[in-house]
Amino acid sequence: MRVEMKNGYSDDKEKKKKESIFDLSKYIDKTIRVKFQGGREASGVLKGFDPLLNLVLDGTIEYMRDPDDQLKLTEDTRQLGLVVCRGTSVVLICPQDGMEAIPNPFIQQQDG
């Protein structure tokens, strides 16, 4: 049923469901790395997600930050186990395998 309103907009009774621009279904049961607002990072096996990007991770490991410089990660980790990650705090999601650190291209290299 379609209803025309005075302002020219239409109100569809059968609204189409919004589709997520992310297809995380291909990462189910695979290890992913997640970055959060505030700088925290974690990795774990993706067990589930919803359209709001809430994530369920199993076997989750948090990567600890340097107490002197909060922008740097250390080699220290802590086991978190089964975790529900709130979608509004997720900044980045990437597969764990195939990810490697590269040098910062914006820092000028000094010639020695």
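Note that the structure is a prediction, hence the values are computed from the model and not measured.

Each value, and the rule that gives it
Residues numbered from 1 in each chain as written. Predicted model: local features only at pLDDT ≥ 70, side-chain atom pairs only at ≥ 80, totals over all residues. Heavy atoms only, no water. Helix = DSSP H or I, 4+ residues; strand = E, 2+ residues; numbered from the N terminus. Polar contact = N/O pair within 3.5 Å; in protein donor to acceptor, adjacent residues only side chain to side chain. Contact = heavy atoms within 4.5 Å. Salt bridge = Lys/Arg side-chain N within 4 Å of Asp/Glu carboxyl O. pLDDT = per-residue confidence, 0-100. Core = buried A, V, L, I, M, F, W, Y, C linked by side-chain atoms within 4.5 Å. Buried < 20%, exposed > 50% of the residue type's maximum accessible area, 1.4 Å probe, protein only. Pairing = 2+ DSSP bridges.

Chemist: I tried to follow the side chain of Ser-43 on my own but got confused; where do I start?
Modeler: Within the element layout of this structure, Ser-43 appears in strand β4 (residues 41–49). Here the side chain of Ser-43 touches Tyr-63 through a polar contact of 2.9 Å, side chain to side chain. Sequence-distant contacts of Ser-43, defined by excluding residues within four places in its chain, comprise Thr-31, Ile-32, Arg-33, Gly-59, Thr-60, Ile-61, Tyr-63 and Gln-96.

Chemist: Quick question: what am I supposed to make of the pattern of salt bridges here?
Modeler: Proximity of charged atoms lets side chains of opposite charge pair with each other. Tallying each qualifying case throughout the model produces 5 salt bridges. Across the salt bridge formed by Glu-62 and Arg-40, the nearest N and O atoms sit 3.7 Å from each other. You can see Glu-62 sitting in strand β5 (residues 55–65) and its partner Arg-40 sitting in the loop between β3 (31–36) and β4, a full 22 residues away along the chain. Salt bridges linked by common partners bring Arg-33, Lys-35 and Glu-41 together as one network.

Chemist: Sorry, what's going on with the confidence of the model for the protein here?
Modeler: Note that predicted coordinates carrying low pLDDT should not be read in detail. Here the protein shows a mean pLDDT of 81. Residues at 70 or above account for 74%. Looking across the protein, the model is least confident in strand β2 (residues 10–12), with a mean pLDDT of 53, and most confident in β4, with 94.

Chemist: How should I be thinking about the nonpolar core in this particular structure?
Modeler: One broad rule of soluble globular proteins: the nonpolar side chains tend to lie buried together. Among the nonpolar cores identified, the biggest contains 12 residues, and these are Leu-24, Ile-32, Val-34, Phe-36, Ala-42, Leu-46, Leu-53, Leu-55, Leu-57, Val-83, Cys-85 and Val-90. The set of elements that each furnish at least two residues to this core consists of β3, β4, β5 and β6 (73–85). Ranked by the residues each element gives to this core, the list is headed by β3, at 3 residues. Not counting residues within four places of it along the chain, the set of residues in contact with Leu-46 comprises Leu-24, Tyr-27, Ile-28, Asp-29, Lys-30, Ile-32, Leu-55, Val-56 and Leu-57.

Chemist: Where do I start with unusual backbone geometry in this structure?
Modeler: The phi angle of most residues is negative, glycine excepted, and most peptide bonds adopt the trans form. One non-glycine residue, Asp-29, lies in positive phi territory at about 65 degrees. Along the chain, Asp-29 falls in the loop between β2 and β3. Residue classification places Asp-29 among the exposed positions, given a relative accessible area of 51%.

Chemist: Any chance you could explain the pairing of β5 here in plain terms?
Modeler: Two faces make up the sheet, and in a regular strand the side chains alternate between them. Here 7 bridges tie β4 to β5, and the two strands are oriented antiparallel to one another. Across the sheet, the residue bridging to Phe-49 is Leu-55, located in β5. Connecting β4 to the antiparallel partner β5 that follows it, the hairpin turn spans 5 residues, and Leu-53 within it adopts a positive phi of roughly 70 degrees. Pairing between β5 and β6: 8 bridges, direction antiparallel. Paired with Tyr-63 across the two strands is Thr-77, which belongs to β6.

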